[in-house]
Amino acid sequence: MTATTHPPTVFVTAPRLAPAGLQRLQAAHCRVLYLQDGGGEAEVAAVLARESVDAVISRTATLSAAAIAACPTLKVISKHGVGVSNIDVAAASQRGIPVYVTPGANAQSVAEMTLGLMFAAARRIAWMDAELRAGRWSRAQDGLELSGRTLGLLGFGQVGQRVARVALALGMQVVAFDPAFDPACAPGPGAVAGVRMLGSVDELLPLSDVLSLHVPLNARTRHLLDAGRIAQLPRGALLVNTARGEVVDEAALIDALRSGHLAAAGLDTMAEEPLPAGHALAALDNVVLTPHVGGSTPAALAAMAGMAAANVLGWLQGSPADPSHCVNPEVLR
């Protein structure tokens, strides 16, 4: 690592960055470039090929291997969030470029969205709202009371831990499995009193009256919840997904919702985003949908922007961020 001696150029792969991050970059005299509204993978690659970019703050657009290779001046990448499935981390590692994330910055907002979707799915809130707006007094009285039910958390990082505390206060039982957690290391990181950690996803599912997903998308978790595993859930269970759509086999999910094996689902993320017009999920009245905004409150956006800016500036200025924020720490050695 060599500290940058010239005012650095930082490319934000979105049309804007919250003031909490932009002000940090401006204080360091950075030249800040933005991806134009609607821009995607090709536009990201074009900017990196055209400009002498020192750092990328990555939002939702894909940062491909070709884009990384196109920019010889690129030194550091920070995700604006924690999910790096849109970044070719292997390509960055080959170049010795660290990829940082902003852990915890949006955890409270995502946890609150999780709870909102859970309540909405359990009590058919979105369906009743639509019925009333259409002039029909449709009083659904078959909602699921959550107290006394079991919440299963697939993934037990900062979001899952926050959801667990609220669920326990509601009177729910909470069980959790985290693919990155070794039960032999119990009580493990982020232990929450009252939560029972389990040793496998197959132990978790049959116990989960409500299943909430909080795992990153990677080779191990893609379609982790397939048709066979959905079938392991109790009949009438609820599914909440504020993680990544591709963690679930969407065709199997739709089948389970149509058959009644799953009573309802609350989804902030889908396999294809934006959700195509006429998609089967949008036709189901037992599904609550939001457009991947769980971590997009002003408070969360400010925290992610500030931490992402600190990540890239720390590297460029010779004072790198905490190594635990780096997803490819081998390049730090």
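As a reminder, the structure under discussion sits directly above these lines.
All of the points below concern the structure found in this document. (Residues numbered from 1 in each chain as written. Predicted model: local features only at pLDDT ≥ 70, side-chain atom pairs only at ≥ 80, totals over all residues. Heavy atoms only, no water.)

## Here's the deal with the overall build of the protein chain
The helix and strand inventory of the protein chain stands at 11 helices and 12 strands. Over its C-alpha atoms the protein chain spans a radius of gyration of 21 Å, differing by no more than 12% from the 20 Å that the globule rule assigns to 333 residues. Summarising its shape, the C-alpha atoms of the protein chain cover approximately 65 × 50 × 30 Å along the three principal directions. A fraction of 60% describes how many contacts in the protein chain between residues 6 or more apart in sequence connect residues 24 or more apart. About 15000 Å² of surface is accessible on the protein chain, with carbon and sulfur atoms providing 54% of the total. With 24 positive and 27 negative side-chain charges, the protein chain shows a spacing of 4 Å between the two charge centroids. (Helix = DSSP H or I, 4+ residues; strand = E, 2+ residues; numbered from the N terminus. Rg over C-alpha atoms; globule rule 2.2 N^0.38 Å. Contact = heavy atoms within 4.5 Å. Areas by Shrake-Rupley, 256 points an atom, 1.4 Å probe, with all protein chains shown as cover. Lys, Arg positive; Asp, Glu negative; His and termini not counted. Charge placed at Lys NZ, Arg CZ, Asp CG, Glu CD.)

## Considerations on unusual backbone geometry
Trans is the prevailing form of peptide bonds, just as negative phi is the prevailing case for residues other than glycine. Cis peptide bonds are those with omega within 30 degrees of zero, and the linkage from E273 to P274 qualifies with -5 degrees. You can see P274 is positioned in the loop between β11 (262-267) and β12 (287-289). Phi angles above zero are rare outside glycine, and H29 is one such case at about 65 degrees. Checked against the element boundaries, H29 lands in the loop between α1 (19-27) and β2 (31-34). A residue is classified by how much of its surface remains accessible, and H29, at 61% relative accessible area, is exposed. (Buried < 20%, exposed > 50% of the residue type's maximum accessible area, 1.4 Å probe, protein only.)

## Describing empty space enclosed by the protein
Inspection of the entire model under this criterion finds 1 cavity of 30 Å³ or more. What lines the largest cavity is simply N241, G245, V248, E250, L253, L267, T269 and M270. Taken together, the residues of the lining of the largest cavity break down into 4 nonpolar, 3 polar and 1 charged. (1 Å grid on protein atoms, 1.4 Å probe; cavity = no way out; pocket = protein on both sides within 12 Å on 5 of 7 lines; lining within 4 Å. Points joined across faces, edges and corners; volume = space filled by probe spheres on them. Nonpolar A, V, L, I, M, F, W, Y, C, P; charged D, E, K, R; others polar.)

## Digging into the sheet that holds strand β6 (residues 150-154)
Taken in spatial order, the 7 strands of this open sheet run β8-β7-β6-β9-β10-β11-β12, and their pairing is parallel. Only two strands of the sheet have a single partner each, and these edge strands are β8 (195-197) and β12. Each strand of the sheet is rotated relative to its neighbour by a mean of 15 degrees, with strand direction disregarded. Bridge count between β11 and β12: 3 bridges; the pairing is parallel. Each residue of the ladder has a partner; that of G266, found in β12, is V288. Each of β6, β9 (210-213), β10 (237-241), β11 and β12 touches helix α5 (residues 107-123); the most contacted strand, β10, lies at about 150 degrees to it. (Pairing = 2+ DSSP bridges. Axes fitted to C-alpha atoms, helices over the stretch in contact; angles between N-to-C directions.)

## Focus on the packing of aromatic side chains
Taken as a whole, this structure holds 1 aromatic pair when the rule is applied. Between Y100 and W315, the ring centres sit 6.5 Å apart and the planes meet at 55 degrees, which makes this aromatic pair tilted. Residue Y100 is located in strand β5 (residues 99-100), and its partner W315 is located in helix α11 (residues 298-316); the two are separated by 215 residues in the primary sequence. The class of Y100 is buried, set by a relative accessible area of 0%. Against the face of W127 rests R124, its NZ or CZ located 4.3 Å from the ring centre. (Phe/Tyr/Trp six-rings, centres within 6.5 Å; stacked < 30°, edge-to-face > 60°. Lys NZ or Arg CZ within 6 Å of the ring centre and 35° of its normal.)

## A short note on the side chain of S64
As for its placement among the helices and strands, S64 is situated in the loop between β3 (55-58) and α3 (65-69). For S64, a relative accessible area of 12% gives the class buried.

## Structural notes on the layout of surface pockets
Of the volumes computed, that of the second largest pocket is approximately 220 Å³. Around the second largest pocket, the lining is made up of 17 residues, and of these A121, R124, A263, A264 and N286 lie nearest the centre. Elements with a minimum of two residues in the lining of the second largest pocket: α5, α6 (125-133), β11 and β12. Considering every element that reaches the lining of the second largest pocket, the biggest residue donor is α5, with 3 residues.

## Notes on the sheet that holds strand β4 (residues 76-79)
With parallel pairing, the 5 strands of this open sheet are ordered in space as β2-β1-β3-β4-β5. Each having just a single partner strand, β2 and β5 make up the two edges of the open sheet.

By themselves, these figures tell us nothing about what the structure is for.
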